[in-house]
Amino acid sequence: QQQVKQSPQSLIVQKGGIPIINCAYENTAFDYFPWYQQFPGKGPALLIAIRPDVSEKKEGRFTISFNKSAKQFSLHIMDSQPGDSATYFCAASMAAGNKLTFGGGTRVLVKP
Amino acid sequence: DAGVIQSPRHEVTEMGQEVTLRCKPISGHNSLFWYRQTMMRGLELLIYFNNNVPIDDSGMPEDRFSAKMPNASFSTLKIQPSEPRDSAVYFCASSFFGGNNEQFFGPGTRLTVL
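Criteria and thresholds
Residues numbered from 1 in each chain as written. Chains lettered and ligands numbered in written order. Predicted model: local features only at pLDDT ≥ 70, side-chain atom pairs only at ≥ 80, totals over all residues. Heavy atoms only, no water. Helix = DSSP H or I, 4+ residues; strand = E, 2+ residues; numbered from the N terminus. Rg over C-alpha atoms; globule rule 2.2 N^0.38 Å. Buried < 20%, exposed > 50% of the residue type's maximum accessible area, 1.4 Å probe, protein only. Areas by Shrake-Rupley, 256 points an atom, 1.4 Å probe, with all protein chains shown as cover. Lys, Arg positive; Asp, Glu negative; His and termini not counted. Charge placed at Lys NZ, Arg CZ, Asp CG, Glu CD. Disulfide = S-S within 2.5 Å. Phe/Tyr/Trp six-rings, centres within 6.5 Å; stacked < 30°, edge-to-face > 60°. Pairing = 2+ DSSP bridges. Contact = heavy atoms within 4.5 Å. Buried area = accessible area lost by both parts, 1.4 Å probe. Salt bridge = Lys/Arg side-chain N within 4 Å of Asp/Glu carboxyl O. Polar contact = N/O pair within 3.5 Å; in protein donor to acceptor, adjacent residues only side chain to side chain.

We now examine the overall build of chain B. Summing up its helical and strand segments, chain B has zero helices and 11 strands in all. The linear arrangement of helices and strands in chain B, starting from the amino end, is β-β-β-β-β-β-β-β-β-β-β. Taken against the 2.2 N^0.38 rule, which gives 13 Å for 114 residues, the C-alpha radius of gyration of chain B at 13 Å falls within 12% of a compact globule. Each principal axis of the C-alpha distribution contributes one length, and for chain B these read about 40 × 30 × 25 Å. Residue burial in chain B is summarised as follows: out of 114 residues, 49% are buried. Working note: accessible area of chain B is about 5700 Å², and carbon and sulfur atoms make up 51% of it. Here chain B contributes 10 positively and 12 negatively charged side chains, and the mean placements of these two sets differ by 3 Å.

By definition, a disulfide links the sulfur atoms of two cysteines through a covalent bond. Residue and element names in this part refer to chain A. In total, this model carries two disulfides over all chains according to the counting rule given. Each disulfide pairs two cysteine sulfurs, and for cysteine 23 the partner residue is cysteine 90, the sulfurs being separated by 1.9 Å. Classification of the bridge connecting cysteine 23 and cysteine 90 rests on its S-S torsion, roughly -95 degrees, and on that basis the disulfide is left-handed. Note that cysteine 23 is positioned in strand E3 (residues 20-25) and cysteine 90 in strand E9 (residues 86-94), a separation of 67 residues in sequence. Across this residue pair, the class does not change: cysteine 23 and cysteine 90 are buried.

Within this structure, the stated rule accounts for 17 aromatic pairs over all chains. Taken together, a centroid distance of 4.8 Å and an interplanar angle of 45 degrees make the contact between Phe33(A) and Phe66(A) tilted. Remark: Phe66(A) occurs in strand E7 (residues 62-67) and Phe33(A) occurs in strand E4 (residues 30-38); sequence separation between them is 33 residues. Side by side, Phe33(A) and Phe66(A) carry an identical accessibility label, which is buried. One aromatic cluster is present, formed by Tyr36(A), Phe89(A), Phe102(A), Phe33(B), Tyr35(B), Tyr48(B), Phe91(B) and Phe105(B) through successive ring pairs.

Residues and elements named next belong to chain B. As judged from the five bridges shared by strand E7 (residues 65-71) and strand E8 (residues 74-79), these two strands associate in the antiparallel manner. Residue pairing across strands places lysine 68 opposite threonine 76, the latter belonging to E8. Taken together, E7 and the strand that follows it, E8, pair antiparallel across an intervening segment of two residues.

As a further point, take the interface of chain B and chain A. Listed by partner, the interface residues are 22 residues for chain B and 19 residues for chain A. For the chain B and chain A pair, buried surface summed over both sides reaches about 1500 Å², with 51% attributable to carbon and sulfur atoms. Area buried by chain B at its contact with chain A is led by Leu43(B), Asn101(B) and Phe105(B), which between them contribute 32% of it. Our enumeration of links across chain B and chain A arrives at one salt bridge. In this structure, the salt-bridge partner of Asp56(B) is Lys99(A), at a minimum N-O distance of 2.8 Å. In this structure, the connection of chain B to chain A is made through three residue pairs in polar contact (both at pLDDT 80 or more). At the level of elements, strand E4 (31-38), strand E5 (42-50) and strand E9 (88-95) of chain B are the ones that each hand at least two residues to the side of chain B that touches chain A.

A few words now on the environment of Val54(A). All names here are of chain A. As for its position among the elements, valine 54 is in the loop between strand E5 (45-50) and strand E6 (56-59). Taking the relative accessible area as the measure of exposure, valine 54 reaches 37% and is therefore partly exposed. The spatial distance from the C-alpha of valine 54 to the C-alpha of isoleucine 64 is 9.9 Å, given a sequence separation of 10 residues.

In structure tokens:
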């Protein structure tokens, strides 16, 4: 059973646009929510992560918004660039363990 | 500092053959994960180890798959016999259990079973 649902599957934006990727989780024991970025031919790499004690976290042009009551979190890419074209995965884990449950991934294409 | 090392990077084999994928985690990390990535099923966790001990192998598809971690610096994922539906990219990742849960992924092994 998929415990982290991610949408959309793919996204195309123009340079400077703001792609938004959404994730929803079921397990209320999750308390760590990272986003991973994967370029073609490479392994995923940690982009940014959030814990449920804050509602928003920014790192450069990447922002995570977190809604604990709705059990949803999202990634916003501000002023997107063609170099941001990649597949993005949300994930979740519990404090008691280190196993990550990944969403299905979103392929983002930023057109010049 | 070297990241996670996987070998081979590409493997082409025929159905029925044994395939062994190898992984060297980042030095000092005590957790190791094996993932499989396909277009249809996305990124799936197959098995993970903490301190060389298998913790959760519920993602291993069937008995044809086995994984070992004989020491802190080496792990193998074996498929015997291989089938065309095993074709995928297999990733190994490592992390420090007790840290911030960040997993560092290797470059992956692209497996093609003909």
